[in-house]
Amino acid sequence: DRDDRGEAEAASKLGVWAWSSVLLGGIGAGLETMSYAARVVRPTAEGIAEAGRVVASGGLCAFPTETVYGLGANALNESAVLKIFEAKRRPLSDPLIVHVKDADDALALIELSGGKSRLAFGALTERFWPGPLTIVAEAKPHLPKCLSAGTSTLGVRCPSHPLARAFLGAAGVPVAAPSANLFGHVSPTSASHVLDDLGDLDICVLDAEEPCCQHGIESTVCGLTESSLVVYRRGAVATRDLDAALAGLGLDLTVLDKRVDVDQPQRAPGQLLTHYAPRLPAFLASLDPAAAPATPRLLGDAVVLDFGRRLAPLRSSALAYRDLAPDADAALAARGLFDALRWAENVPSAARVLIVDLSNDRSDTSILGGVADRVFRAASGNTLALACPAASAA
């Protein structure tokens, strides 16, 4: 232990916080001495510079943003971009979002077809960038086609987290980055989540060393044309706020709650039926007096994830229970959702996860619409109506 601490202290002076066999006690709760191929760098000037060098030289680096941790590669280097798909086991039909420092850098990557779309781009970036909004438009022809899943469009985003922005500056290139997890699994909101999924790979991980993903779910993704704005994926920016930002420009705003097949090339990520999913069977649960009563057999090995105490009558019978926001605070629920899903899949003896059904809460006015989308896909849309357990109902 003493030798391990000495090695960690020496490595930290170079900005490297942990190597494959160094004590990793600072990365999240529950991680002790573990062996990783990935290397973790601290959020120091040296660590950020090292993370940037990794990406600039064609490697992969996970980095924190205000939404989730991303797995970044040089967006202009096709072989580097393809490493993302290989590392995540991600199908090439699912496109990537490219992260940039500002709107001018984004305009070097996309084409806007006319004056109205340029005005709309300006209005959206002025209002929401840096921040959790991705704008999809026609891609410039020189970019690697694998960024766009073979379509002609590209999503661009300017993140607001200070470490993400410093990392982009150190890399000196636009950075393609989906979430830093295995494809289809729960998105990561900490360095420990990244290591849980990708720790056996030769990647760099820039660790924020503190809670950093303030929104907790991914960006809102919208497609921009000369006549319309299409919301492909609900996220941290509410639809109402998009509409307000575009007031007076005459663009039609449409929300697509799509569930596409994995083999179908997509214009935006996050549209598959199964996504953000725990490693246990998951169901959207609701209470219905007309349904069959919840049995001890069903609940005894179930983890319940609640919102606003809607499933509170199940608490005493469930194996484990957590309310994302007892007071129905949508922003609080979003911040804790992915951590709660990862906690749920690791509860000893758990056989299933019952997630509160928010299908009727796809609000256009708050982040709750994005939360509802995530839990729907985490459960693959499978629903389970239950009456209160007999003991609770008596």
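Fair warning: this is a prediction, and the values are worked out from it, not measured in the lab.

So, how was this worked out
Numbers given to residues run from 1 along each chain, matching the order in which its sequence is written. With the structure being a predicted model, the display of local features is reserved for residues of pLDDT at least 70 and the display and counting of side-chain atom pairs for 80 or more, all residues being used for whole-chain, interface and lining totals. Derived side-chain values reflect all non-hydrogen atoms in the structure, with water molecules and hydrogen atoms excluded from consideration. Secondary structure elements are defined from DSSP: runs of H or I of at least 4 residues count as helices, runs of E of at least 2 residues count as strands, and each element is numbered from the N terminus. A simple rule labels every residue: compare its accessible area, found with a 1.4 Å probe on the protein chains alone, to the largest value its type can have, and call it buried under 20%, exposed over 50%, or partly exposed in between. Two residues form a contact once any of their heavy atoms are found within 4.5 Å. Geometry is summarised by axes, namely lines fitted to C-alpha atoms with helices restricted to the contacting stretch, and by angles between N-to-C directions that run from 0 to 180 degrees. Each angle receives one of four descriptions, namely roughly parallel if under 35 degrees, roughly antiparallel if over 145, roughly perpendicular if within 65 to 115, and oblique otherwise. The hand of a helix crossing depends on one turn: near helix anticlockwise from the far one by less than a right angle means left-handed, and clockwise means right-handed. Classification convention: Asp, Glu, Lys, Arg as charged; Ala, Val, Leu, Ile, Met, Phe, Trp, Tyr, Cys, Pro as nonpolar; all other residues, Gly among them, as polar. Nonpolar cores are built from buried Ala, Val, Leu, Ile, Met, Phe, Trp, Tyr and Cys residues. Side-chain atoms within 4.5 Å join them into one set. Each pair of aromatic rings taken from Phe, Tyr and Trp, with Trp reduced to its six-membered ring, is defined by centres within 6.5 Å and is described as stacked if the planes are under 30 degrees apart, edge-to-face if over 60, and tilted in the remaining cases. Lysine NZ or arginine CZ positioned within 6 Å of the ring centre and within 35 degrees of the ring normal marks a charge as sitting over the ring.

Caption draft 1: Molecular detail of the overall build of the chain. Within the chain one finds 12 helices and 18 strands. The principal-axis extents of the C-alpha atoms in the chain amount to approximately 65 × 65 × 35 Å. Counting all 394 residues of the chain, 56% fall into the buried class. Considering only residue pairs separated by 6 or more positions, the chain has 69% of its internal contacts joining residues 24 or more positions apart.

Caption draft 2: Focus on the packing of helix H10 (residues 330-345) against helix H11 (residues 368-378). Remark: H10 packs on H11, axes separated minimally by 9 Å, with the N-to-C direction vectors making an angle of 25°. Considered as vectors, H10 and H11 are oriented roughly parallel to each other. You can see that H10 and H11 cross each other, and the crossing is left-handed. Between H10 and H11, the contacting residues are Ala330, Ala334, Leu337, Phe338 and Leu341 on the first element and Leu368, Val371, Arg374, Val375 and Ala378 on the second. Looking at the contact of H10 with H11 residue by residue, the classes come out as 9 nonpolar, no polar and 1 charged.

Caption draft 3: Inspection of the nonpolar core at higher detail. Counting 73 residues, the largest nonpolar core has Val98, Trp129, Leu133, Leu147, Leu154 and Val205 as its most contacted members. If you look at the next biggest cluster of nonpolar residues, it comprises 47 residues, including Leu299, Leu305, Leu324 and Leu386.

Caption draft 4: How the structure looks around the packing of aromatic side chains. Scanning the model with the defined rule gives 3 aromatic pairs in all. Judged by centre distance (5.8 Å) and plane angle (85°), the rings of Phe121 and Trp129 are edge-to-face. By the burial criterion, Phe121 is buried, and Trp129 matches it. Over the face of the ring belonging to Trp343 we find Arg322, whose NZ or CZ atom lies 4.2 Å from the ring centre.

Caption draft 5: Looking closely at the environment of Ile110. In this structure, Ile110 sits in strand S6 (residues 110-111). In the structure, Ile110 is positioned 249 residues away from Ser359 in sequence and 34 Å away in space, judged by C-alpha atoms. Those residues within four positions of Ile110 in sequence are excluded, and the remaining contacts are Phe121, Ala137, Glu138, Ala139, Lys140, Leu154 and Val156.

By themselves these figures say nothing about function.
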